[in-house]
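So the chains spell out like this:
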Amino acid sequence: MDRWNTAYFQGRLSTGVLAELRELADAPDDALALADRAFRLMLAAGLRPTDLSVFTAWLIGFSVPRTVPSAWSGTVPPVTMAGRHRVLDEYVARNPWHRPGERGVFVDVGCGFPPFTTMETAQRLPTWRVIGVDPAFSRYVVYNTEGAYACYDEDLRLRYYQAGTYDPDRDNSKRRFREILDRLLPRLTGDEVTDEGGKLVRDPMRHYETDNLELVGGGIGEYTADVGVDVIRCMNVFMYFDHPFRERALAWATTLLRPGGLLLCGSNWIDSACARYTVYRKEDDRLVPKEFAFSIDNVRPIDLAPWYGLHDDNLENLSNAHAVGTVRADTPFLRRFDSRMDALLTQLNMCPRDSDGYLGHAPADMPAEDRARCSSILAAHLDDEGFVAEAVDVLRRSGRHAWRNHVGHVAMRPVKPPPLTPSAVL
Ligand SMILES: C[S@@+](CC[C@H](N)C(=O)[O-])C[C@H]1O[C@@H](n2cnc3c(N)ncnc32)[C@H](O)[C@@H]1O
């Protein structure tokens, strides 16, 4: 902790932040590397030590070791959440420079399970054919009476389970799911079987399909479509992989897309907050980067999400840190932004500044959902109050070709961002 503090924050982190970061003392290597990377991205974005809240530090100390692939036997967890891509659905539905030819075909690759976001896309684009694709689709899913669930493959190996936001005893959770599976499997004759202690479903994806929604097992490089595709969405996938994986994915997407088709890729969080994404368009048989965009809450995030990534070369994280750094370097803008952000945080009773000027924690009694929604509430206020337009002006003054896109994000013509400074600690 002390070396991080010295190397990235001039030794000025608050005692509250350092106490939360100490939770990482026994964390696995990928969690430590992720935290180190997050600090370097903060540095690249010009975040001050006083703006790293105790809440963000708590997310780093508590959530990171529980969400990195090493916590899931090396797999990418199929974590998703309802509402996550609502703004991106609008991006596609109201795009002023892309229209599908005939019936639009939308592929959501790495869509996660349950496929909440793909279901929402199918509802928002009712005339389109929507296809959710994921390698983690499982043969069986077991539910307990609280609605938590575990997914098993054909050989009854546990692939993934989700037992709420706080799961103090993972081995016990796994054992209890296994008991439900062992009890119900011999009684499974149709698609599902239920008793007083739980439910077992075979081929759960079939239950989510509708007239315009198909769900297919597979991944980048494997899935092939029977028609040309208009839009491929690949959100919260590349952040787990390195740049060569991304290049292979882009080559695969090029083969699937119709001329003029779009690839949307990047990362975001609850209610489309913490967004950073690149939009490519297929032109002359290659993918041309047309737009990079980020949500205004990223200028001074209270969430960890804008800094989350498993590799130093993730393009959206680098582009976000670079653009945010440019915006934050404008002192008059930053002064106005900071004072409004502080007022909004006080209003939300979230991470209030202490008498030493440091951002604090979320109140202990604030429900997890309310904490999680803060970033999107902040983003909506800040856009309404003109901060997106102001950030666009700052970027333009710095020589970037920037605009406020049709869903209220700070958008710009993509440029190659500088690489991340190597770790000074690990
Ligand atoms: C964090 S989830 C993101 C889910 C959803 N797209 C979202 O944004 O909420 C990452 C997903 O990527 C999937 N994935 C992992 N490797 C993949 C690959 N090679 N091709 C496609 N998807 C992959 C995982 O199974 C997982 O469901």
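Here the structure is a predicted model, which is why all the values come from computation and not from measurement.

Visitor: What exactly am I supposed to notice about the nonpolar core here?
Guide: Grouped burial of nonpolar side chains is what soluble globular proteins tend to show. The biggest cluster of nonpolar side chains holds 105 residues, and the ones touching the most others in it are Ala38, Ile232, Cys234, Leu263, Ala391 and Val410. If one sorts the elements of this core by residue count, helix H3 (residues 29-44) sits on top with eight residues. Other than its neighbours up to four places away in sequence, Ile232 contacts Val107, Val109, Ala253, Leu256, Leu257 and Leu263. By size, the runner-up hydrophobic cluster in this structure holds 19 residues, among which are Val142, Tyr149, Tyr161 and Leu215.

Visitor: Honestly, the packing of H3 against helix H4 (residues 54-67) in this entry has me stumped. Any pointers?
Guide: To describe two helices that pack against each other, one gives the angle between their axes and the distance between the axes. Packing of H3 against H4 brings their axes to within 9 Å, and their N-to-C directions diverge by 135 degrees. If you check the angle between H3 and H4, you find them oblique. The handedness of the crossing between H3 and H4 comes out as right-handed. Seen from H3, the contacting residues are Ala31, Leu34, Ala35 and Ala38; seen from H4, they are Ile60, Val64 and Pro65.

Visitor: Hey, could you run me through the environment of Thr145 in this one?
Guide: Locating Thr145 in the fold gives a position in the loop between strand E3 (140-144) and strand E4 (149-152). The spacing of Thr145 and Gly197 is 52 residues in sequence and 5.9 Å in space, taken between C-alpha atoms. Setting aside anything within four residues of it in sequence, one finds Thr145 in contact with Gly197 and Gly198.

Visitor: Teacher, can you tell me more about the site of the ligand here?
Guide: Pro78, Thr80, Gly110, Gly112 and Gly219 are the nearest of the 19 residues found near the ligand. Of the residues assigned to the shell around the ligand, the class counts are 11 nonpolar, six polar and two charged.

Visitor: Got a minute to help me understand the domain arrangement of the chain in this structure?
Guide: By a widely used convention, the size of an interface equals the accessible area lost when the partners come together. Once the domains are mapped, the chain shows domain 1 (2-74 + 297-412) and domain 2 (140-202). When each unit is reduced to the centre of its C-alpha atoms, the spacing between domain 1 and domain 2 is 36 Å.

Visitor: Got a minute to help me understand the sheet that holds E4 in this structure?
Guide: By way of backbone hydrogen bonds, the strands of a sheet pair with one another, either parallel or antiparallel. In spatial order, the strands read E5-E4-E3-E7-E6; together these five strands make up an open sheet with antiparallel pairing. A single partner strand is all that each edge strand has here, and the edge strands are strand E5 (158-162) and strand E6 (192-195). Taking the axes of each pair of neighbouring strands and ignoring which way they run, one obtains an average angle of 15 degrees across the sheet. Inspection of the sheet shows E3 paired to strand E7 (residues 198-202) by five bridges, in the antiparallel sense. Following the sheet pairing, Tyr143 is matched in E7 by Lys199. Strands E3, E4, E5, E6 and E7 of the sheet are contacted by helix H7 (residues 170-184), whose axis makes an angle of about 110 degrees with E3.

Visitor: I keep staring at helix H1 (residues 2-9) and nothing clicks. Help me out?
Guide: Side chains of residues three or four places apart in an α-helix project in the same direction, reflecting 3.6 residues per turn. Along H1, the residues classified as buried are Trp4, Tyr8 and Phe9. One face of H1 carries all of its buried residues, which in axial projection span an arc of 70 degrees. Of the exposed residues in H1, those oriented more than 90 degrees away from the buried face are Asp2 and Arg3. Contact partners of the buried residues in H1: H3. Looking one or two places after H1, you find Gln10, whose phi comes out positive at around 50 degrees.

Cut-offs applied
- Residues numbered from 1 in each chain as written.
- Predicted model: local features only at pLDDT ≥ 70, side-chain atom pairs only at ≥ 80, totals over all residues.
- Core = buried A, V, L, I, M, F, W, Y, C linked by C-beta atoms within 7 Å.
- Buried ≥ 20, exposed ≤ 12 C-beta atoms within 10 Å, placed from the backbone.
- Helix = DSSP H or I, 4+ residues; strand = E, 2+ residues; numbered from the N terminus.
- Contact = placed C-beta atoms within 7 Å.
- Axes fitted to C-alpha atoms, helices over the stretch in contact; angles between N-to-C directions.
- Parallel < 35°, antiparallel > 145°, perpendicular 65-115°, else oblique.
- Left-handed = near helix turned anticlockwise from the far one by under 90°.
- Near = placed C-beta within 6 Å.
- Nonpolar A, V, L, I, M, F, W, Y, C, P; charged D, E, K, R; others polar.
- Domains from an automatic or database assignment.
- Pairing = 2+ DSSP bridges.
- Arc of directions from axis to C-beta.

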